[in-house]
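The lines below spell out each chain.
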Amino acid sequence: LQEQEAVLQAQLDQAYGELTEGRQQYISSVSERKSLLDTLIAEIEKKRDQPEVEFLMVRLAPLGLFPVSCEAAKAPIPEPVSPELQRTVQSLLETSQLVLGAVAKFKGKAKKRQQPDVSLCRALVKVTLDPETASPYLILSKDCKTVRLGSRQENLPDTPQRFTGSPSALGSQG
């Protein structure tokens with residue numbers, strides 16, 4: 001589950017990076033357009049206050065092809081996002097939401113397991129664990145009263161009594 005989560009997280013990070021880059025390019029393009037539109041608005045507001053004769057006069061660009069204000073208004077239109085990329089991002093989003101939901105559900109169950117069940121309190125017994133029989137995957141406390149599962153195999157002396165196939169240890173009451 002952790003490996004799947006890591007792979008999906010990496011894919012999600014990659015897709016997020018691509019989307020962020022595309023968004024930054026789009027924002028840059030929109031900013032350029034806004035700047036050009038602000039320039040046009042300023043020109044129109046200047047002309048609005050001019051006498052009618054000057055308002056109707058059009059200044060031509062140096063080549064004489066387009067009015068200056070129209071030439072300045074040209075801006076490239078961004079390319080649309082491909083449907084395949086949209087489907088991939090949507091699929092990754094749905095998968096990551098499922099993984100996050102499963103992880104949250106698993107964490108909720110793990111928290112419930114950490115709290116002792118009141119109905120079992122009568123059966124709780126103090127135990128001393130035998131470090132000579134403890135599996136290399138288990139980590140015993142110094143007083144041998146508590147144990148937890150380690151993330152890797154510990155380097156312990158090999159003894160015939162030691163459990164090697166499963167995370168187990170012998171214990172005695174007390």
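Residues numbered from 1 in each chain as written. Predicted model: local features only at pLDDT ≥ 70, side-chain atom pairs only at ≥ 80, totals over all residues. Heavy atoms only, no water.

Colleague: Explain a nonpolar patch on the surface here, please?
Modeller: On the surface, Y26, I27 and V30 cluster together into a nonpolar patch covering about 260 Å² of accessible area. Position of Y26 relative to the elements: it lies in helix α1 (residues 2–48). With a relative accessible area of 46%, Y26 lands in the partly exposed category. (Patch = residues over 30% accessible without salt bridge, like charges linked within 9 Å, V, L, I, M, F, W, Y side chains within 5 Å. Areas by Shrake-Rupley, 256 points an atom, 1.4 Å probe, with all protein chains shown as cover. Salt bridge = Lys/Arg side-chain N within 4 Å of Asp/Glu carboxyl O. Helix = DSSP H or I, 4+ residues; strand = E, 2+ residues; numbered from the N terminus. Buried < 20%, exposed > 50% of the residue type's maximum accessible area, 1.4 Å probe, protein only.)

Colleague: I keep staring at α1 and nothing clicks. Help me out?
Modeller: Owing to its 3.6 residues per turn, the α-helix aligns residues three or four sequence positions apart on the same side. In a regular helix each residue adds 1.5 Å, so 47 residues correspond to 69 Å; α1 covers 65 Å between its end C-alpha atoms and thus fits that length. Along α1, the residues classified as buried are L8, A15, S29 and L40. (Expected span 1.5 Å × (residues − 1).)

Colleague: What am I meant to see in the side chain of R162 here?
Modeller: With respect to the helices and strands, the residue R162 is situated in the loop between β3 (147–149) and β4 (171–173). Here R162 is buried and forms no salt bridge, its nearest opposite-charge partner E132 lying at an N-O distance of 4.7 Å. Of the polar contacts made by the side chain of R162, one reaches the backbone oxygen of A134; its length is 2.7 Å. Among all residues touching R162, those that are not within four sequence positions of it are P131, E132, T133, A134, P136, L156 and P157. (Lys, Arg positive; Asp, Glu negative; His and termini not counted. Polar contact = N/O pair within 3.5 Å; in protein donor to acceptor, adjacent residues only side chain to side chain. Contact = heavy atoms within 4.5 Å.)

Colleague: Mind showing me how you'd approach the pattern of salt bridges here?
Modeller: Should their charged atoms come close, side chains of opposite charge can pair. A full pass over the atoms with the stated rule returns 1 salt bridge. Residue D38 is joined to K34 by a salt bridge in which the shortest nitrogen-to-oxygen separation is 3.1 Å. Of the two residues, D38 and K34 both sit in helix α1, 4 residues apart, roughly one turn of that helix.

Colleague: Where do I start with empty space enclosed by the protein in this structure?
Modeller: Leftover empty space is mapped by rolling, across the atoms, a probe with the size of a water molecule. Following the criterion strictly, the structure yields 1 cavity of 30 Å³ or more and no others. Taken as a whole, the largest cavity spans an internal volume of roughly 40 Å³. Considering the residues around the largest cavity, the lining is formed by E5, L8, Q9, L12, S96, V99 and L100. Secondary structure elements with two or more residues in the lining of the largest cavity: α1 and α4 (83–114). Broken down by element, the residue count for the lining of the largest cavity peaks at 4 residues, all from α1. (1 Å grid on protein atoms, 1.4 Å probe; cavity = no way out; pocket = protein on both sides within 12 Å on 5 of 7 lines; lining within 4 Å. Points joined across faces, edges and corners; volume = space filled by probe spheres on them.)

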